[in-house]
Amino acid sequence: MATPTLEKADMAPEPEAGFADSPYITATFRIRRFNPEVSDEAQWQDFQIEIDPKERVLDALHKIKWETDGTLTFRRSCAHGICGSDAMRINGKNRLACKTLIKDLNPEKPITIEAIKGLTVLKDLVVDMDPFFQAYRDVMPFLITKGNEPTRERLQSPEDRERFDDTTKCILCAACTSSCPVFWNDGQYFGPAAIVNAHRFIFDSRDEGGEQRLEILNDRDGVWRCRTTFNCTDACPRGIEVTKAIQEVKRALITRRF
Ligand code: SF4
Ligand code: FES
């Protein structure tokens, strides 16, 4: 009888170069701490931990919190890039801690972690998300229709569904809005995430509230504040073309076609 051969996919993965002997390295996490009950000033604190570089930044934060300093404060829930609660600034860039591998951050150097910018820091890595969610609520992120209830489901062609597919992927993590220099300078700006969620309904063929939403975004704090820096698109962990969505809303405001 022929000896069965293992397919490559069935075999254990080969160790990566540089991590062959032991999976663990000593990495330094430089975290910007803030506790208003202790000081008005934020300060950096270093934590050195042994960790497998194939683990995620969220794993490192858990290790620090559970084994070294239980006062370290951060948000997280799903740990799988779905809930959007653990956006933070890692090595100067907005990312989800649960989707960022330590090995991708040059762990030979200290890895910096701080709260996202433009929103008030409440403690350590936790910011006040109320202004962010207020802007989201202001654009009415729900289907608006007039007249009688339909007697069957509201039909839509695949082409019409495709029109707003990209913006349905938003998980409201705020990585885009808190990477926007306009939002840093003036927190009154609706911000990319609110515009993305307005886009999701403006371009939905079943919705009848597009004009209302466009008028809301025509406000002095609306889409015209966008300076097309693309920070938002670079920051989005869902790969949404945020700047393109904002441009489409601007165009709809000019042409009134959507
Ligand atoms: S558009 Fe992307 S970065 Fe912005 S809130 Fe949604 S998922 Fe996060
Ligand atoms: S913990 Fe839910 S997205 Fe990271």
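Structural notes, computed from the coordinates. Worth saying up front: this structure is predicted, and the values here are computed from it rather than measured.

### Description of the overall build of the chain
Piece 1. Within the chain, the regular secondary structure consists of 8 helices and 7 strands.
Piece 2. With respect to the principal axes defined by its C-alpha atoms, the chain has extents near 75 × 65 × 35 Å.
Piece 3. For the chain, with 258 residues in total, the buried portion stands at 36%.
Piece 4. Of the contacts formed within the chain by residues at least 6 apart in sequence, a portion of 66% connects residues at least 24 apart.

### Overview of the nonpolar core
Piece 1. Counting residues in hydrophobic clusters, the biggest one holds 63 residues, and the most contacted among them are I195 and V249.
Piece 2. Counting residues per element, this core draws most heavily on helix α5 (residues 192–202), at 7 residues.
Piece 3. Viewed by domain, this core spans two of them, domain 1 (25–127) and domain 2 (130–255), each represented by three or more residues.
Piece 4. Not counting residues within four places of it along the chain, the set of residues in contact with V249 comprises I195, A198, H199, I202, L217 and V223.

### Quick look at the packing of α5 against helix α6 (residues 210–217)
Piece 1. Taken N-terminus to C-terminus, the directions of α5 and α6 make an angle of 155°; their axes are 9 Å apart at the nearest point. In terms of their interaxial angle, α5 and α6 are classed as roughly antiparallel. For the element pair α5 and α6, the recorded crossing hand is left-handed. Packed against α5, whose contacting residues are I195, A198, F201 and I202, the element α6 presents G210, R213, L214 and L217 at the interface.
Piece 2. Here the residues of the contact of α5 with α6 are counted per class, giving 6 nonpolar, 1 polar and 1 charged.

Here is what the cut-offs are and how they apply
Residues numbered from 1 in each chain as written. Chains lettered and ligands numbered in written order. Predicted model: local features only at pLDDT ≥ 70, side-chain atom pairs only at ≥ 80, totals over all residues. Helix = DSSP H or I, 4+ residues; strand = E, 2+ residues; numbered from the N terminus. Buried ≥ 20, exposed ≤ 12 C-beta atoms within 10 Å, placed from the backbone. Contact = placed C-beta atoms within 7 Å. Core = buried A, V, L, I, M, F, W, Y, C linked by C-beta atoms within 7 Å. Domains from an automatic or database assignment. Axes fitted to C-alpha atoms, helices over the stretch in contact; angles between N-to-C directions. Parallel < 35°, antiparallel > 145°, perpendicular 65-115°, else oblique. Left-handed = near helix turned anticlockwise from the far one by under 90°. Nonpolar A, V, L, I, M, F, W, Y, C, P; charged D, E, K, R; others polar.

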